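Coordinate analysis (summary)
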Amino acid sequence: MSITFYYAPNSSATRVHWVLEELGIAYDKVKLDLRAGEQHKPEFLAINPNAKVPALVVDGTPMFESLAIIIYLGDRFGADKGLWPRVGSGEHAEALAWIVWGSVTLGGTIFRIFYNTSEWFPAESRNAQQAETAGKEFEAQLGLLDQRLRGREYLVGDGFTLVDAANAAALGWALTMIKVDMTRFPGVAAWLDRCTRRPAHQALYAAT
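Small disclaimer: the values here were computed from a predicted structure and weren't measured.

**A short note on the overall build of the protein chain**
Scanning the protein chain from N- to C-terminus turns up eight helices and four strands. Along the chain direction, N to C, the helices and strands of the protein chain fall in the order β-α-β-α-β-β-α-α-α-α-α-α. Computed over the C-alpha atoms, the radius of gyration of the protein chain is 17 Å, within 12% of the 17 Å expected from 2.2 N^0.38 for a compact globule of 208 residues. Its C-alpha atoms put the protein chain at 45 × 45 × 30 Å along the principal axes. A total of 208 residues make up the protein chain; the buried ones form 46% of that total. Residue pairs at least 24 apart in sequence account for 62% of intrachain contacts in the protein chain once pairs closer than 6 positions are excluded. Within the protein chain, the 23 negative side-chain charges are centred at a point lying 2 Å from the centre of the 20 positive side-chain charges.

Here it is as C-alpha cells:
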C-alpha cells in the first residue's frame, strides 16, 4: 500500500497529520507552500480541485476533506489499533457524531471568529458583531464539551481515539488566537493537556 499526504504546517491538515502519526502507518509527505500558491498547481488540483490541504492519495486514489480522510483512516486502520470503534457498534455511532460536531459545529464557529477578526481577511469583510456572536457560541460549545468530559478522560469510550485527535487539534489551534479563560472549562483544559502530551502529537513538530 502507498499513502501520500499533502499538507502545510499549522493548517487544517494538522488533524490528519496527527491521525497518521497515531496510527503508525507508513506514508510519504509532500509539503505545500500555500503563500507561494503551490496548492493551485495543476498537478495538485488533479488531486484536490478545492486547492486546499489536506489531501491524501491511497494506492493512486485521491481523497480530500479532513473529516472524510479521518473517518476513512479510522474505519480502515483504527479499530485494530484500538484508536477507532468498530463499524456497527454504538461507540462507532458516537465517534461519528462527535467528530462531525467538532468539524462542522465547533469548526464552523471557529472559522466565523477567524474570518471576522483575522488580518488574513480584508478589513472591509470583517464584522465585529458577527465576531462577538460567534465568540459567545464558541464559549457555549466549550461548555457543552466540558459537560461531555465530566467523569471521563476522552470523548468516546474509555481511551483515546482519533476523535480526540481531530477535535483537540482544531480546538488547540483555535485557542492560540481566541482568548478564553479556560479555568471556566477545567474538563476541556485537562483533556487538551492529555491529548497534546501524546508522543504522536509531539512528533508533528519534530517532523514538520
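**What about the sheet that holds strand β4 (residues 61-64)?**
If you walk across this open sheet you meet the four strands as β2-β1-β3-β4, and the pairing is mixed. The sheet is open, and its two edges are formed by β2 (28-31) and β4, each paired on a single side. For this sheet, the mean angle separating the axes of adjacent strands, direction not counted, is 20 degrees. Relative to strand β1 (residues 3-7), helix α1 (residues 13-23) is tilted by about 150 degrees, and along the sheet it contacts β1, β2 and β3 (55-58). Against the sheet, helix α3 (residues 66-78) contacts β1, β3 and β4, and its axis sits at roughly 120 degrees relative to β4.

**Description of the nonpolar core**
Of all hydrophobic cores here, the largest spans 63 residues; its most connected members are Phe138, Leu171, Val188 and Trp191. In terms of residue count, helix α6 (residues 162-174) provides more of this core than any other element does, eight residues in total.

**Comments concerning the environment of Tyr72**
One can find Tyr72 in helix α3. Judged by its relative accessible area of 24%, Tyr72 is partly exposed. Sequence-wise, Tyr72 and Glu38 are 34 residues apart; in three dimensions their C-alpha atoms are separated by 26 Å. Residue contacts for Tyr72: discarding those within four places in its chain leaves Val58 and Met63.

**Structural notes on the packing of helix α5 (residues 128-148) against helix α7 (residues 186-196)**
At a minimum axis distance of 7 Å, the contact between α5 and α7 shows a crossing angle of 75 degrees. One finds that α5 runs roughly perpendicular with respect to α7. Between α5, through Leu142, Leu145 and Asp146, and α7, the contact on the second element is made entirely by Pro186, Gly187, Val188 and Trp191. Of the residues in the contact of α5 with α7, the class split is five nonpolar, one polar and one charged.

**Topic: the pairing of β2**
Both β1 and β2 contribute to a ladder of four bridges, which runs parallel. Its bridge partner lying in β2, Tyr6 is registered against Val30. With respect to chirality, the unit in which β1 leads through α1 into the neighbouring parallel β2 is right-handed.

**Looking at α1**
Taken across its 11 residues, α1 has 10 buried, putting it largely inside the fold. Listing the buried residues of α1 in full gives Ala13, Thr14, Arg15, Val16, His17, Trp18, Val19, Leu20, Glu22 and Leu23. Looking at the residues trailing α1, positive phi occurs at Gly24, about 70 degrees.

**Some words on the pairing of β1**
In terms of residue burial, β1 counts as a mostly covered element, since five of its five residues are buried. Side chains of β1 alternate between two faces, with Ile3, Phe5 and Tyr7 and Thr4 and Tyr6 buried alike. Both β1 and β3 contribute to a ladder of four bridges, which runs antiparallel. Opposite Tyr6, over in β3, you have Ala55 as the bridge partner.

**Topic: the packing of aromatic side chains**
Following the criterion strictly, the structure yields seven aromatic pairs and no others. Between Phe5 and Tyr27 the ring centres are 6.2 Å apart and the planes differ by 80 degrees, which places this aromatic pair in the edge-to-face class. With Phe5 in strand β1 and Tyr27 in the loop between α1 and β2, the pair connects residues that are 22 residues apart, well separated along the chain. By relative accessible area, which is 0% here, Phe5 ends up buried. With a centroid separation of 5.8 Å and an interplanar angle of 90 degrees, the aromatic rings of Tyr154 and Phe160 are classed as edge-to-face. The buried category is assigned to Tyr154, whose relative accessible area is 11%. Three or more aromatic residues joined by ring pairs form one cluster here, namely Phe5, Tyr7 and Tyr27.

Criteria and cut-off values
Residues numbered from 1 in each chain as written. Predicted model: local features only at pLDDT ≥ 70, side-chain atom pairs only at ≥ 80, totals over all residues. Heavy atoms only, no water. Helix = DSSP H or I, 4+ residues; strand = E, 2+ residues; numbered from the N terminus. Rg over C-alpha atoms; globule rule 2.2 N^0.38 Å. Buried < 20%, exposed > 50% of the residue type's maximum accessible area, 1.4 Å probe, protein only. Contact = heavy atoms within 4.5 Å. Lys, Arg positive; Asp, Glu negative; His and termini not counted. Charge placed at Lys NZ, Arg CZ, Asp CG, Glu CD. Pairing = 2+ DSSP bridges. Axes fitted to C-alpha atoms, helices over the stretch in contact; angles between N-to-C directions. Core = buried A, V, L, I, M, F, W, Y, C linked by side-chain atoms within 4.5 Å. Parallel < 35°, antiparallel > 145°, perpendicular 65-115°, else oblique. Nonpolar A, V, L, I, M, F, W, Y, C, P; charged D, E, K, R; others polar. Right-handed = clockwise from strand over helix to strand, strands pointing away. Phe/Tyr/Trp six-rings, centres within 6.5 Å; stacked < 30°, edge-to-face > 60°.

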